[in-house]
Each structure stands twice: as C-alpha cells, then as structure tokens.
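What the coordinates show
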Amino acid sequence: MSERNSNGEVLNERVQIHDDGSMEYWRDIPGYEGYYRVSDRGRVRSLDRTRRCRWGNGYPLKGKFMKIRISQDGYLRVSLSKDCDKKEVEVHRLVMKAFIGDRPQGMECRHLDGNPQNPKLSNLQWGTDKENSADKKIHGTEKCGEERYGAKLTEQDVLAIREMWANRSHTQLQMAAMFGIGGTQIHSIVHRRKWKHV
C-alpha cells in the first residue's frame, strides 16, 4: 500500500495520478537517492527515512513536499539536506539532472517560455549560452546594465567613466580603483563592448 500525506497525495510512488487524470512522474534526485525526488512538474519532495546525524541516534522523518522559494535572480530554489549537510539548489537544475542527465560541458539550462519560475520538464532544454541569450531577447527577459543581478555600476557610473576616458582625466586603472571593478571591465566599457545600451 502507498504512503500518503495529509492531503491524500501519494508520496512514495514514481507516478502520481491527479484528480483530473493527468500524470506526474517522479525521479530520485542524483546524489540524494533515498532522500528526495523531483517531478517532471518541478515539485520536490522528501521521502520517509531515518535521519542520522553526527551526534547520535537517528530518528524517523516523514516524507513531505518541500517549500520552494524564489531567489533574487528570479529562479525557484529548494533546500536539500543529507547527512546534516544542507544545500540550496535551483529546481530547474534538479529536474534536468534527474530526467535528462548531467549538464553537457559548455551548455546551460534554457527556459523555453522565458519564465524562470516554470521548472517543468516540458519547458526546459540544454542549450548554449548563445541560444539562452537569444531566448531571453525573444521573450524580453534579458537584463542588462544595472538591472542585472549583482551589477556594480549604474548607467550614471558608465557615462562618467566614458566621459573621464574621453577627457583623458584618468587612466583605466585609476577608474577601476575609483569604481571598485577590474581594469578589464573599464576597458570593455570605454570601448563599448559592455554596457552597449548606454
């Protein structure tokens, strides 16, 4: 007989049939076999198990659906724990690894509909950086300049850097020190290889 949670949903089978007749497929998460599974719909659940930690005896844990959060860069993330080591990972990467396999070298995960919060297998595909960038342009989700997560400069900073370079008032190394970035980034900005939109 199958284990069920308080909502009556099956927790330990590999195929789940929903009330509407649709099917959801579950696979073990590589590296977390016996601990967690991910579905082709991007849901993550833990499995019934005994938790053992460094300090003593184990205790039983009931399987449950994991809480998923939205990271600052807009992707869905989940915390996984094994042998008392906790790690936060992106859900779309778990789906691809479990259903398709390891990421081929030089490839990245593409969201075909442009929505980073849609980790369904049908929406994911390995692709090159160029293909992923082209997808973002098509979907209007490409972030550039100060909109990019972790951007150190503003558009005003870039304009100031270009003006200082045009006036020859500062060297590239001086500007790099002033703005807290590397000389290579300054070189790319003044020669319009980066921040082309400004």
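That block above? That's the structure.
Residues numbered from 1 in each chain as written. Predicted model: local features only at pLDDT ≥ 70, side-chain atom pairs only at ≥ 80, totals over all residues. Heavy atoms only, no water.

1. Regarding the nonpolar core
One broad rule of soluble globular proteins: the nonpolar side chains tend to lie buried together. Core analysis: the largest hydrophobic core is formed by 20 residues, its most contacted members being I29, Y36, V38, V44, V78, L80 and L94. Secondary structure elements with two or more residues in this core: β3 (36-39), β8 (76-82), α1 (91-99) and β11 (124-127). With six residues, the top contributor of residues to this core is α1. In contact with V44, other than residues within four places in its own chain, are W26, I29, R37, V38, K64, F65, M66, V78, L80, V91 and L94. Residues M164, M175, A176 and I189 belong to the second largest nonpolar core, which totals 11 residues. (Core = buried A, V, L, I, M, F, W, Y, C linked by side-chain atoms within 4.5 Å. Buried < 20%, exposed > 50% of the residue type's maximum accessible area, 1.4 Å probe, protein only. Helix = DSSP H or I, 4+ residues; strand = E, 2+ residues; numbered from the N terminus. Contact = heavy atoms within 4.5 Å.)

2. Observations concerning the sheet that holds strand β7 (residues 68-70)
If you walk across this open sheet you meet the three strands as β7-β8-β9, and the pairing is antiparallel. The strands lining the two open edges of the sheet, one partner per strand, are β7 and β9 (85-90). On average, adjacent strands in this sheet sit at an angle of 35° to one another, irrespective of strand direction. Note: β7 against β8, three bridges, orientation antiparallel. Counterpart to R69 in the pairing with β8 is R77. Contacts between α1 and the sheet are confined to β7, β8 and β9, with β9 contributing the most and set at about 90° to the helix. (Pairing = 2+ DSSP bridges. Axes fitted to C-alpha atoms, helices over the stretch in contact; angles between N-to-C directions.)

3. Notes on unusual backbone geometry
In this structure, R168 takes a positive phi of about 55° despite not being glycine. With respect to the helices and strands, R168 occurs in the loop between α3 (155-167) and α4 (172-179). Although it is not a glycine, R192 adopts a positive phi angle of roughly 60°. You can see R192 is positioned in the segment after α5 (183-190). Residue R192 is classed as partly exposed on the basis of its relative accessible area of 47%.

4. Digging into the pattern of salt bridges
All told, the structure shown has 10 salt bridges when counted by the stated rule. The partner of R43 in a salt bridge is E24, and the shortest N-O contact between them spans 2.8 Å. Taken together, the residues span a long stretch of sequence, with R43 in the loop between β3 and β4 (44-46) and E24 in strand β2 (residues 23-28) at a distance of 19 residues. Each of the salt bridges in this network shares a partner with another, and the network as a whole consists of R69, R77, E88, E90 and R93. (Salt bridge = Lys/Arg side-chain N within 4 Å of Asp/Glu carboxyl O.)

5. Observations concerning the pairing of β9
In the sheet, β8 pairs with β9 via six bridges, with the strands oriented antiparallel. The residue of β9 that forms the bridge with K82 is D85. Between β8 and β9, which follow one another and run antiparallel, lie two residues, and D83 among them has a positive phi close to 55°.

6. Here we look at α5
Within α5 the residues assigned to the buried category are I186, S188, I189 and V190. Buried residues along α5 sit in contact with α3 and α4. Where α5 terminates, the next one or two residues include R192, which has phi positive at roughly 60°.

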